[in-house]
Structure formats: C-alpha cells, structure tokens
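# An overview of the molecular structure
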Amino acid sequence: MLKILTIVGARPQFIKAAAINRAIKSQFSNSLQEYILHTGQHYDDNMSKIFFDELGIHKPNVNLNIGSKEYELQIKEMQQGIEKVIIDEKPNVVLVYGDTNSTHAGALAGSKMNLPVIHIEAGLRSFNNVMPEEKNRIVADELSSMLFCPTNTAVQNLEKEGFKHSPKQPFTKTQKAIYHCGDVMFDNSLHFEKLANQNSDILKCNNLTEGEFILATVHRGYNTDNADRLSSIFKSFISISNQHNIKIVIPLHPRTEKALNGKEHKDLFEELTANKNVLLLEPVSFLDMIALESNCRMVMTDSGGVQKESFFFRKPCVVLRTETEWVELIENGNNVLAVQSEDRIVTACNSLLSKNDFTFPSFYGDGKAAHFICEKLISNIAS
Ligand code: UD1
Ligand code: UDP
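Here goes a summary of the coordinates provided. (Residues numbered from 1 in each chain as written. Chains lettered and ligands numbered in written order. Predicted model: local features only at pLDDT ≥ 70, side-chain atom pairs only at ≥ 80, totals over all residues. Heavy atoms only, no water.)

Turning our eyes to something else, we now look at the side chain of Asn46. Mapped onto the secondary structure, Asn46 falls in the loop between strand S2 (32-38) and helix H2 (49-55). Look at Asn46 and you get buried, because its relative accessible area is 19%. Here the side chain of Asn46 touches Glu282 through a polar contact of 3.1 Å, side chain to side chain. With near-sequence residues (within four places) excluded, Asn46 lies in contact with Phe51, Glu282 and Pro283. (Helix = DSSP H or I, 4+ residues; strand = E, 2+ residues; numbered from the N terminus. Buried < 20%, exposed > 50% of the residue type's maximum accessible area, 1.4 Å probe, protein only. Polar contact = N/O pair within 3.5 Å; in protein donor to acceptor, adjacent residues only side chain to side chain. Contact = heavy atoms within 4.5 Å.)

Within the structure, ligand 2 sits among 19 residues, and Val284, Ser303, Gly304, Gly305 and Glu309 are positioned closest to it. In the model, an oxygen atom of ligand 2 is placed 2.7 Å from a nitrogen or oxygen of the Ser303 side chain. Glu309 has a polar side-chain atom sitting 2.5 Å from an oxygen atom of ligand 2. The protein chains hide 95% of the 530 Å² of surface that ligand 2 would expose on its own. Where the shell around ligand 2 is concerned, the elements lending two or more residues are helix H1 (11-28), helix H13 (286-295) and helix H14 (304-312). Top element by residues in the shell around ligand 2 is H14. It accounts for four residues. (Near = heavy atom within 4 Å. Areas by Shrake-Rupley, 256 points an atom, 1.4 Å probe, with all protein chains shown as cover.)

This next bit is on the sheet that holds strand S7 (residues 164-165). Pairing is parallel across the open sheet formed by eight strands, whose spatial order is S3-S2-S1-S4-S5-S6-S8-S7. Strand pairing shows two members of the sheet lacking a second neighbour, strand S3 (62-63) and S7, which therefore form its edges. Across three bridges, the pairing between strand S5 (residues 117-120) and strand S6 (residues 146-149) is parallel. Among the inter-strand pairings, Ile120 is bridged to a residue of S6, identified as Phe148. (Pairing = 2+ DSSP bridges.)

The next point concerns the sheet that holds strand S10 (residues 247-251). Within the open sheet, the six strands sit side by side as S11-S10-S9-S12-S13-S14. Their pairing is parallel. Edge positions in the sheet fall to strand S11 (278-281) and strand S14 (335-337), since each of these pairs with one other strand and no more. Shown here is a sheet whose adjacent strand axes are inclined to one another by a mean of 20 degrees, direction ignored. Taken together, the three bridges between strand S13 (residues 317-319) and S14 define a ladder with parallel strand orientation. Its bridge partner lying in S14, Cys317 is registered against Asn335. Lying over the sheet, helix H10 (residues 227-244) contacts strand S9 (213-217), S10 and strand S12 (298-301), oriented at roughly 150 degrees with respect to S10. Contacting S9, S12, S13 and S14, H14 runs over the sheet at an angle of about 170 degrees to S12. (Axes fitted to C-alpha atoms, helices over the stretch in contact; angles between N-to-C directions.)

Structural data, given as structure tokens:
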C-alpha cells in the first residue's frame, strides 16, 4: 500500500484533489491510501469547507490553519507544519497541485524529508517571474520526482529547461518521470456537469437565463492590488453590460471584495452595486460555478482554472491578464488576452461576442487524467 500525503490549501486545489480522491476510492483503494493535509491558506467556508462537503472528498485529515500571511512567512510555517505531519504519518510520497504557496511548502517539506514529491499540473509557465505562482511552480518542478503535465506545451517547457524523462527510480534533479496526462480539471468538469445542472439553483435564484449573461471572476494580486487596473476591469464590466444590455455575474473572491470595498474604489463600488445588470455575489460552490459556466454567453476572468473551464463548456473567454500558461486557447482563438485598459478589454469582449467559428480540439486529454496518474504512481513508486 502506497501512502500519499496530499497537500491542499487553496480553492482550486480542493477541486483538483477531488479527481484523484475519486479515482483512488473507485479503482485503486487496494494499492493507494490518501492522507489529506489542508494548510489553511483558504479558510472561509465558501472558499474551503463547501468544496469538501459538495465534491465528495473526505474531510482533510489535518488542517494546519496557517491562514493569510506574508509570502515567505506563510510558506515557512506551512513547511514546518507539513514536516511534523510527515514524521507522524510516515507517508511514502508527497503530492502537490498547481502553483500556490501551499504547493511550494509541500514540495519543500517533502524534498527535505527525502520523500518523492509528485507535482500535478507540472511544466506550466507564464514567463512572468513577478508572479508568486511562477516562483512556486518552478520550485515544485525542481523538487519533484514525478511531473504530471496537463498539456503538450507544459512537457515542452520542461524539456527546454533541461529536464529528461526517466520512468523509474532513482530520480535525480534533471531525470524525472515526466508524463503528459491531461488535466484533472477536465475530469472534474465532465464528472460534475450533469450533477451541477440537476442540483444547482443559482440561475433560478438570480433570475438568469441561459445565454443571456456574462460570467466574470477576478482575483490575481496583479489586478486586485493595482488600483488603475482593478478600476479598468470593473469599468469595462459596466460598459459591456450597458452596451449589450446583458447581465454580468461576478462571484467575488474575498481578496477582490476587500480591494473594491477600500477607499480608493468607493465611487466605483457604489456604481457597481447600483447597476441592476451587475450581480456581485459571494464566492459560489463548484456546482454553482459549473452551472454558471455552462449556461453563460461568455466568460471574463484572470483565473487559471476558469480560463479552461470556459473552453470545456464551449464558451469564449477574455483572459484579464497580459500572458497565460494556457497558450493553446489563445492560439486557437477561443480566448483573448486583454487587461491593459478599459478600451482594450471592451474591444476583446466585442470581438469574441461577434465571432462564431470556434473549434474545440481535445487539448486537455480524455477526462481520465486522474486514473492515468494513479496507475503511474503504482507502477513507478509502489513496485
Ligand atoms: C491564491 C493563490 C493563487 C490562486 C488562488 C485561488 C498564491 C500565491 N496564490 O491566491 O495562485 O489562484 O489562491 O483562489 O498561493 N482571503 C480571505 N479568505 C480566505 C482566503 C483568502 O479573506 O478564505 C483573503 C485574505 O485577505 C488574503 C487574500 O484573500 O490575504 C489573498 O489570499 P491568498 O491565499 O494569499 O491568495 P489568493 O489571492 O487567494
Ligand atoms: N470556482 C468556484 N467558485 C467561485 C470561483 C471559482 O467554485 O466562486 C472554481 C472554478 O470553477 C475553478 C476554480 O474554482 O474550478 C478556480 O479557482 P480560482 O479561480 O480561485 O484559482 P486559479 O484557478 O486561478 O488558481
């Protein structure tokens, strides 16, 4: 039996973890055992608990309750907490997801304790070294033994950095097991779509009609912590909504809610709340989010996950960033990057709203990424 210590801490990681947890329970419970550690990076019920309740993941075995902290301090406290759990629980491997501070801490702790680290969503690069996420994912890739890449581009990024594939232990700094496995988020979208459309009442509760609203999310520090950029983004939402007489639904990340509620944005926040076509919501559950994504007209987001989910549900997406890790969606014309000014965002939005020749190649696998990952864990590490 291979005991996996899974590190989660932020909203998208609870969702990603659901795919592997589901695969272990349904097909690999004889060979794989999972111990889930929540760092406490996200802690509001609607940023954390709701996902464990809704997605059928077993509750975290331990929560370090680290909470929000300055970058280095948060990672250091998480690492120390994870190391203690490694000593007590004696896992065989440490599994980390994505690019958050929790990912970084998990990779540091696993590597320091001489355990193989498994990185799911490896090889992604934005080539924007200012983003904490870019630092986190580079550290995680360096320290991991097995790198599971969601896209071909991610595999190529690793090859360009000098990583070489080697399927068996011993793994070294540059020789690692590198796999193109598809995206566990795609597994989840396929798995939960029907359930979301049966169980979610978010459209009804908010008087929303299929195809007649835009869905928007914003949370990147790059956008929330820059007053001009945040203001351009939210002004563009108002302009688009007015121009097209269309509702715009915005589940607000707590970080964005705090920024908009600050002194600098007082007038803008009042304008947003007074506008009947702008719906500012609390963060929503994953099933509600899928119901919104699969029924909207278009998506506008700076989220990594939501950029792809818009594609899974065949919606165009304005990516509110200057660059992205999910380049295939830009190259294929499904998504457009725009964030520099209100005008640029509105223009990008209008170009996507008037386009109707989208294609949807299978960039993200066949919906069985989690199954593939579990099989490789068993064959490369357990045997
Ligand atoms: C983090 C990740 C980001 C990921 C995002 C997913 C890092 C560096 N960033 O960004 O990659 O896309 O999670 O949502 O790890 N807050 C609350 N309640 C919560 C959580 C956060 O109020 O439950 C507020 C706090 O004011 C906190 C701020 O949000 O300071 C930012 O939280 P943090 O976890 O540092 O970064 P995110 O922006 O959530
Ligand atoms: N999500 C959600 N409720 C929300 C906003 C997002 O369930 O109110 C889901 C979304 O569907 C996706 C994931 O959270 O699966 C993305 O997380 P987030 O945007 O916070 O982080 P990122 O993907 O940018 O790291």
